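In case you want the letters, here they are:
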Amino acid sequence: MTGMQQTPRGTRRSGSTGVKRAAFAVGLVLCGGLGFAGVRAWKQHAPAPDTQAPWLSTLPTRPLEVRLSRPAADRHRPYAPPRTPDTLARPVPLGPLSELEERGDAHGVAVSYLLHGDTEQALAHLSRTLPSQDRDSDQAAALFLRGRHDEALTLLDATLEAVPDHPQARWNRAVLTRDLGLPLVAAAAFEQVAAKQEAGWSDEAREQARSLRARLQARADAWRATREAFLTRLRTPDAPLPVEAAGRFPGLAREQFYDLLMSAEDTAHVMALLPLAKVLDHASGDTSLEATVQRVSALDFTRRAPFAREYARLVQEKHPAPADLIARLRQEDTARDLLLGALLRTPAVARTQEELQALTRDVSDPWILSRVAQEGARLDDLAGQGAQAGDRLRAALAECRARKLPLRCVDLLTRLSQRATASNRLVEGEEAARTAWQEAAALGEWEREGAALVMLANATRFQVRIALSRAYLFESLARQPEDCGVRTQTHRNLASLALMRFRPREARQELEESLECGQTPGLQGAWILADLARLDPRPSDEARLRAELARVTPLQENAGRRVLATLIAGRFAVDRDWRAGQKELRRAITEAEPLLRINADAKDARVVAYRTLAVSAGHAGAFREALDVVAESLQVPVPEGCVLAAAVEDERTVTVVRGREGQIRGHYDATRTQPLRDDLTGLVPGELVDLLRDCPRVSVLAAPPLDSRSGILPPDLAWSYRVGTGAHGPPPAKPPMHVVVSDVEPPASLRLARLPSAAEVDLEGAQRLLRLKGTQATPERVLEAMEQATDIDIHAHGVVDRALSDATVIALSPQQDGHYALTAEELRRRHFHGAPLVVLGACSAARLSPLLHQTSSLPQAFVASGARAVFAATADIPNDAGAFFRAVRERIQAGTEPSQALRAERLDWHQQHPGMRWVDKVLLYQ
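This section reports on the structure supplied with the text.

1. Here's the deal with the overall build of the chain
Part 1 of the argument: Along its length, the chain carries 38 helices and 16 strands.
Part 2 of the argument: When the 926 residues of the chain are sorted by exposure, 56% land in the buried category.
Part 3 of the argument: Long-range pairs, those at least 24 residues apart, make up 66% of the contacts in the chain between residues at least 6 apart in sequence.
Part 4 of the argument: As displayed, the chain has an accessible area near 38,200 Å², and 52% of this comes from carbon and sulfur atoms.

Pasting the structure below:
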């Protein structure tokens, strides 16, 4: 088990932060063989083995809380958790286990290993079993026990979709979601188990559901009662003031204090708030609110009272003209605090940083200053000052922690999460949202918990972690089903996830539910409408979409979001009037250009606009235009000779080839119903592949996300991905320098198997060999050496850690500051003067973690920094792969073009080593 982490539910299994996160939170990409330990090979000479031994079914308690699909291992007994996290597992009974293996029962072997606490061996044996829902449920149980919650939840959801009544999968999903801190989702799953009336299991499930709901309901009732008491006081100034409840919910009480203060119509009602002010000052350790009460009580209420009455209506969302109220407050010197409060409640009314500064010139209340800082950050974002907005929010967060204002910290964390996710810093967004969730739960702030859950769902949705995102959304909806804003936002996000799963009818239903309580679809809803207008059209789609895009103004959205609005209009139009839609898409690209360095929305808009241009050209049969568009999107000229261009968007795919004689053929398809696989075999129709058969080499132009996957062309063709202009012609006349990185010592917490040293035979003939080994192989030293290299070999593990990079990172030896990862982002900041030939012997160095609109990979980063050719794999490669790459390099050094050298060596390996298909996963980038 990994360490323990606090969540809103309590304590759950989790990976820790930093380098440990790479191993557990997002998964570790391991190289080479897994080193499976063999089961005892010799037969037992004793009589028939104890058939109960592998299943531990004679014990009075069960060792695992999860359920397993083998009936002998699924008999209900009370669960007895280990006394300590490091409690030793029971030894595996090798005799009975050997019998199971001799019978070919790999699934039974896996279940026994799992019961005895060896999850690694369990997963290894499960991988050798035939696909089935039972296998997937047990695999999910093993992944869950290893802390790999995402993968486990994805498997369980797929299992239950195929077999809704699968008892073990339903139970395991309940346990897993409870462990994730989603008690209402878990309770619903436990209740489904209870309804099946299984002996023992149903009773335990019923008690689990009851306990989960009772604990959560108690928290919800306490918060709602306190909020309602304050709202009653706002509506009826003489109603009791819930001073005692303020001690339990100081954040909620302080929020309501300001509304009550500014709504007070006379001195007596202001002074009645003094006991509440003292309780809240005690909680934060100062006297600012007591001083505020005294100050406001001395104001002239003959002029202030009418404004106070209007402010109370504004707070209750009953004011007919907020902009008019603000205009009149701007003329009233005795109600500056009311003006500030009204501005913070009505973002659609224009204001400036200077006005906010003037209104707070004499304000020392840290709560008010924190809210103004958050509003100032919003204005920074609207003005395109994203970096300044982030700095302002982080400074406000540090101040709120110092001033003991935890609810303000929750709000700032939620806003930081929203900004990070919008900027494609998805791990940062996820972590800020999770911290906000945990802190809101600790405060008992029910409403803020729900808001943080939505932020978590957004961050995971953009990482294409669909099962987890859906779970967060269902929990949010279950907590506040009566809240119109929550229903709108949740169903809108569920519609987006349904489209990602190629389910337009489900998306349509979710979108319609999001609009049921009268809120507008928002920019996200407009994006969904543009897709549904193509996939599941309704007559009302255009009017809804146009109305929403008309609401996108500089007062409400920043420049990047306004580019997205242009993109949405173009995506909607291009299916109705191709040329008119093209013009709109081109306008989105033009608007995005000046923002590409500073705004992620603009980057996304550019990527998607080009993709839509390409597939729409394919739909129109304009295949030469589609080819040119893909090349333009990659910022490369269309190469000479044979070319394949490809782009996908949702269900649509366009592929175009230019053959040896210059003939152009294309294919458009709009029937895809499943997400792309890692292997693209079959994406290009056979008749187009045949046109490339007599080509000496093929340049592949692939729009994201195709540009980091294998199989787009068969392995018997010489082809490479064209990802940048790179170095033209022969490499510069520089002295040869061959940099070899091996024998690295990554942090032990990553639990990476040690790789064998680079074989001396693989380095024969290397000139000016520079070897960086052991503790010398740090990211900074490796980067410095590579800047002058003409050849580079890196023998290291590739790992996926979203906290460090969107691309796979190479795990090197840590520097003094602990930094161990060679990332694509660091590579792009360097220039390789020797135009090196790069071999990434790191496992899965070309593999990317999912990201909704963009891709960034190590090979692409090397080419962008000056490498003339980069070899990398999308799959795990064996430890002795050096011979393959050495042979490819020797062919290149002998004058063979890189793609032809790769094809020739690959074919030789197929002939000499028929089972080694990993060579087909080696990609070439030029």
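2. Description of unusual backbone geometry
Part 1 of the argument: Note the cis peptide between Pro704 and Pro705, where omega equals 10°.
Part 2 of the argument: Position of Pro705 relative to the elements: it lies in the loop between strand E6 (698-702) and strand E7 (719-721).
Part 3 of the argument: Residues other than glycine seldom take positive phi values, yet Glu317 does so here, at roughly 60°.
Part 4 of the argument: Within the secondary structure layout, Glu317 lies in the loop between helix H15 (301-315) and helix H16 (322-329).
Part 5 of the argument: One non-glycine residue, Val464, adopts positive backbone phi at about 60°.

3. So, the environment of Ala873
Part 1 of the argument: Assignment of secondary structure puts Ala873 in strand E15 (residues 869-873).
Part 2 of the argument: Expressed as a C-alpha distance, the spacing of Ala873 and Ser710, which sit 163 residues apart in the sequence, is 8.4 Å.

4. Here's the deal with the state of the cysteines
Part 1 of the argument: Counted under the stated rule, the structure contains 3 disulfides.
Part 2 of the argument: Covalent S-S linkage joins Cys484 and Cys517, the inter-sulfur distance amounting to 1.9 Å. Here the S-S torsion is close to 85°, and the disulfide linking Cys484 with Cys517 is therefore right-handed. Taken as a pair, Cys484 in helix H25 (residues 484-500) and Cys517 in the loop between helix H26 (504-514) and helix H27 (522-535) lie far apart in primary sequence, 33 residues in all.
Part 3 of the argument: Assessed through its relative accessible area of 22%, Cys484 is described here as partly exposed.
Part 4 of the argument: What makes Cys517 partly exposed here is its relative accessible area of 27%.
Part 5 of the argument: Note that Cys642 is cross-linked by a disulfide to Cys695, the S-S spacing being 2.0 Å. Its S-S torsion of about -80° marks the bond between Cys642 and Cys695 as left-handed, since a negative value means left-handed. Separated by 53 residues along the polypeptide, Cys642 in strand E3 (residues 642-649) and Cys695 in the loop between helix H33 (686-690) and E6 bring together distant segments of the chain.

5. Overview of the pairing of strand E8 (residues 738-744)
Part 1 of the argument: Of all 7 residues in E8, 7 are buried; the element is thus mostly enclosed.
Part 2 of the argument: The pairing of E8 with strand E9 (residues 769-774) spans 6 bridges and is classified as parallel. Each residue of the ladder has a partner; that of Val744, found in E9, is Gly774.
Part 3 of the argument: Pairing analysis gives 4 bridges linking E8 to strand E10 (residues 791-794), with the strands arranged parallel. Bridge pairing links Val739 to Ile792 in E10.

6. Thoughts on the side chain of Thr177
Part 1 of the argument: Assignment of secondary structure puts Thr177 in helix H7 (residues 167-179).
Part 2 of the argument: Here Thr177 falls in the buried class, since its relative accessible area comes to 0%.
Part 3 of the argument: A distance of 3.2 Å separates the side chain of Thr177 from the backbone oxygen of Ala174, its partner in a polar contact.
Part 4 of the argument: Residues in contact with Thr177, not counting those within four places in the same chain, are Leu153, Leu182, Val185 and Ala186.

7. Quick notes on the pattern of salt bridges
Part 1 of the argument: Under the defined criterion, the tally for this structure stands at 81 salt bridges.
Part 2 of the argument: For the salt bridge of Glu475 with Arg479, the shortest nitrogen-to-oxygen distance reads 2.9 Å. Of this pair, Glu475 and Arg479 both sit in helix H24 (residues 466-479), 4 residues apart, which is roughly one turn of the helix. The residues Glu475 and Arg479 share a single accessibility class, namely buried.
Part 3 of the argument: Between Arg571 and Asp531 there is a salt bridge, with its nearest N and O atoms 2.7 Å apart. One end of the pair, Arg571, is in helix H29 (residues 559-574); the other, Asp531, is in helix H27, with 40 residues separating them in the sequence.
Part 4 of the argument: Via salt bridges that share partners, Asp531, Arg534, Arg571, Asp575, Glu649, Asp650, Glu651 and Arg652 belong to a single interconnected network.

8. Points about the pairing of E6
Part 1 of the argument: Most of E6 is tucked away: 5 of the 5 residues are buried.
Part 2 of the argument: Alternating residues of E6 divide into Val698, Val700 and Ala702 and Ser699 and Leu701, and every residue in both groups is buried.
Part 3 of the argument: Judged from the 5 bridges that link them, E3 and E6 form a sheet pairing that is parallel. If you follow Leu644 over to E6, its bridge partner there is Val700.
Part 4 of the argument: Across 3 bridges, the pairing between E6 and E7 is parallel. Bridging from a neighbouring strand, Ser699 pairs with Ser720 of E7.

9. Structural notes on the packing of helix H11 (residues 250-263) against helix H14 (residues 288-297)
Part 1 of the argument: H14 packs onto H11 with a crossing angle of 10° between their chain directions and a minimal axis gap of 12 Å. Taken together, the axis directions place H11 and H14 in an arrangement best described as roughly parallel. Residues Arg254, Phe257, Tyr258 and Leu261 of H11 form the contact with H14, whose own contacting residues are Ser288, Leu289, Thr292, Val293 and Val296.
Part 2 of the argument: Its residues placed into classes, the contact of H11 with H14 shows 6 nonpolar, 2 polar and 1 charged.

10. Quick word on the side chain of Arg170
Part 1 of the argument: Examined against the element boundaries, Arg170 turns out to sit in helix H7.
Part 2 of the argument: Buried Arg170, no salt bridge; nearest opposite-charge side chain is Asp165, N-O distance 5.9 Å.
Part 3 of the argument: Contacts of Arg170, omitting those with residues within four sequence positions, involve Leu160, Pro164, Ala189, Gln192 and Val193.

11. Considering the packing of helix H8 (residues 183-194) against H24
Part 1 of the argument: At their nearest, the axes of H8 and H24 sit 7 Å apart, and the two run at 90° to each other. Put simply, H8 runs roughly perpendicular to H24. Taken together, the residues of H24 that come into contact with H8 (itself represented by Pro183, Leu184 and Val185) are Ala471, Phe474, Glu475, Ala478 and Arg479.
Part 2 of the argument: For the contact of H8 with H24, a count of residues per class yields 6 nonpolar, no polar and 2 charged.

12. Section: helix H22 (residues 426-443)
Part 1 of the argument: Helix length check: H22 (18 residues) gives 26 Å between terminal C-alpha atoms against 26 Å at 1.5 Å per residue, within 8%.
Part 2 of the argument: Of all the positions in H22, only Leu426, Val427, Gly429, Glu430, Ala432, Ala433, Arg434, Ala436, Trp437, Ala440 and Ala441 are classed as buried.
Part 3 of the argument: Once H22 ends, the next one or two residues include Gly444, with phi positive near 75°.

13. Some remarks on the packing of aromatic side chains
Aromatic rings in a pair are described by how distant their centres are and how their planes are angled relative to each other.
Part 1 of the argument: The full count for this structure, using the stated rule, is 13 aromatic pairs.
Part 2 of the argument: Seen from their ring centres, Trp909 and Trp918 are 6.0 Å apart, and the 75° between their planes marks the pair as edge-to-face. Residue Trp909 shares its accessibility class with Trp918, and that shared class is buried.
Part 3 of the argument: Positioned above the aromatic ring of Trp446, the side-chain terminus of Arg479 is 5.2 Å from the ring centre.
Part 4 of the argument: For the cation-ring pair, Arg576 lies above Phe572, with the distance from its terminal atom to the ring centre recorded as 3.8 Å.

Conventions and cut-offs
Residues numbered from 1 in each chain as written. Predicted model: local features only at pLDDT ≥ 70, side-chain atom pairs only at ≥ 80, totals over all residues. Heavy atoms only, no water. Helix = DSSP H or I, 4+ residues; strand = E, 2+ residues; numbered from the N terminus. Buried < 20%, exposed > 50% of the residue type's maximum accessible area, 1.4 Å probe, protein only. Contact = heavy atoms within 4.5 Å. Areas by Shrake-Rupley, 256 points an atom, 1.4 Å probe, with all protein chains shown as cover. Disulfide = S-S within 2.5 Å. Pairing = 2+ DSSP bridges. Polar contact = N/O pair within 3.5 Å; in protein donor to acceptor, adjacent residues only side chain to side chain. Salt bridge = Lys/Arg side-chain N within 4 Å of Asp/Glu carboxyl O. Axes fitted to C-alpha atoms, helices over the stretch in contact; angles between N-to-C directions. Parallel < 35°, antiparallel > 145°, perpendicular 65-115°, else oblique. Nonpolar A, V, L, I, M, F, W, Y, C, P; charged D, E, K, R; others polar. Lys, Arg positive; Asp, Glu negative; His and termini not counted. Expected span 1.5 Å × (residues − 1). Phe/Tyr/Trp six-rings, centres within 6.5 Å; stacked < 30°, edge-to-face > 60°. Lys NZ or Arg CZ within 6 Å of the ring centre and 35° of its normal.

No statement about biological role is implied by the geometric values presented.
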